[in-house]
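Topology and contacts: notes
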Amino acid sequence: MQEHNFRIGVLTLSDKGSRGEREDESGRLIGEMIAPFGSVARYQIVPDEESRIVMLLTSWSDELKLNLILTTGGTGLSERDVTPQATEQVLDYQVPGMAEAMRSTSMQKTPHAMISRALVGVRGKTLIVNLPGSPKGVKENLEVLLPALPHALAKLAGDDSDCAEPVR
Ligand SMILES: Nc1nc2c(c(=O)[nH]1)N[C@H]1C(S)=C(S)[C@@H](COP(=O)(O)OP(=O)(O)OC[C@H]3O[C@@H](n4cnc5c(N)ncnc54)[C@H](O)[C@@H]3O)O[C@H]1N2
Ligand SMILES: O=P(O)(O)OP(=O)(O)O
């Protein structure tokens, strides 16, 4: 059931997936998990190529004006893992707390979580979130962000209402 109306992009970075050698299970899972937050206005799977990632993140933010872009894959230490480098190029500023929360919570599941260099940040009015490539990594990282997502996206879209919670 859709509880919010945000416009979302899902970008899968995978050499094997882009060649049709692996099902994009991670992209599909993101679509399922994000469904209550809005509609997937763009979905694409491309190889781990920095210039293509920069081009897509820029056009989905500046031209399509998506509220949220979720990437999966290419956050690790392999030679072709370039998603964070590409993301850093397009961001106006980072939202370190969201990336820290994903990594620190995931560390309770696997020490391998520290290997992901995923960034979260903002370009214009678009929140860009890197997620790891594996479906397990997607699930464990994205479920950390979801509770804060509607508030973050509403603020980014210009909601200027008071948001302080009462002191207890
Ligand atoms: N909370 C968690 N965080 C992380 C995990 C985890 O299990 N839980 N895994 C960690 C590991 S291990 C690594 S390494 C880093 C970085 O991962 P990458 O972003 O570089 O992931 P890739 O190399 O692109 O892919 C890894 C692996 O996953 C499978 N894969 C990739 N893409 C897809 C896809 N679209 N559909 C299905 N499966 C996919 C494939 O076996 C790849 O070899 O992240 C840590 N974080
Ligand atoms: O083919 P990819 O890019 O999904 O990555 P890996 O080499 O980690 O399977």
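Identification of the chain as Molybdopterin adenylyltransferase from Malonomonas rubra DSM 5091 is taken from an unreviewed UniProt entry. Annotation of the chain in UniProt includes, under Function (unreviewed entry), the sentence "Catalyzes the adenylation of molybdopterin as part of the biosynthesis of the molybdenum-cofactor." Within the UniProt record for the chain, the comment given under Pathway (unreviewed entry) is "Cofactor biosynthesis; molybdopterin biosynthesis."

Right, let's get into helix 2 (residues 25–34). Listed in full, the buried residues belonging to helix 2 are Ser26, Gly27, Leu29, Ile30, Met33 and Ile34. The arc that holds every buried residue of helix 2, seen down its axis, measures 160°, which confines them to one face. Residues of helix 2 that are buried in the fold lie against strand 1 (6–13), strand 2 (38–46), strand 3 (68–72), strand 6 (126–131), helix 6 (135–145) and helix 7 (149–156).

Here the focus is the site of ligand 2. Around ligand 2, the structure places Ser14, Asp15, Lys16, Arg22 and Asp48. Residue Ser14 places a side-chain N or O atom 2.6 Å away from an oxygen atom belonging to ligand 2. Between Asp48 and ligand 2, the recorded distance is 2.8 Å, taken from a side-chain N or O atom to an oxygen atom. Burial of ligand 2 by the protein amounts to 58% of the accessible area it has alone, namely 280 Å². Per-class residue counts for the shell around ligand 2 are no nonpolar, one polar and four charged.

What follows is about the pairing of strand 1. Summarising burial for strand 1: seven of the eight residues are buried, a large majority. Direction of pairing for strand 1 relative to strand 2: parallel, over a ladder of eight bridges. Bridge assignment links Ile8 to a residue of strand 2, and that residue is Val40. Pairing between strand 1 and strand 3: five bridges, direction parallel. Within strand 3, the residue paired with Leu11 across the bridge is Thr71.

When the UniProt feature table is mapped onto this chain numbering, "domain: MoaB/Mog" (unreviewed entry) sits at residues 9–152. The straight-line gap between the two end C-alpha atoms of residues 9–152 is 16 Å; of that span, 42% is helix and 22% is strand.

Criteria and thresholds
Residues numbered from 1 in each chain as written. Chains lettered and ligands numbered in written order. Predicted model: local features only at pLDDT ≥ 70, side-chain atom pairs only at ≥ 80, totals over all residues. Heavy atoms only, no water. UniProt positions renumbered as here; feature names shortened; annotations may be inferred. Buried < 20%, exposed > 50% of the residue type's maximum accessible area, 1.4 Å probe, protein only. Helix = DSSP H or I, 4+ residues; strand = E, 2+ residues; numbered from the N terminus. Arc of directions from axis to C-beta. Contact = heavy atoms within 4.5 Å. Near = heavy atom within 4 Å. Polar contact = N/O pair within 3.5 Å; in protein donor to acceptor, adjacent residues only side chain to side chain. Areas by Shrake-Rupley, 256 points an atom, 1.4 Å probe, with all protein chains shown as cover. Nonpolar A, V, L, I, M, F, W, Y, C, P; charged D, E, K, R; others polar. Pairing = 2+ DSSP bridges.

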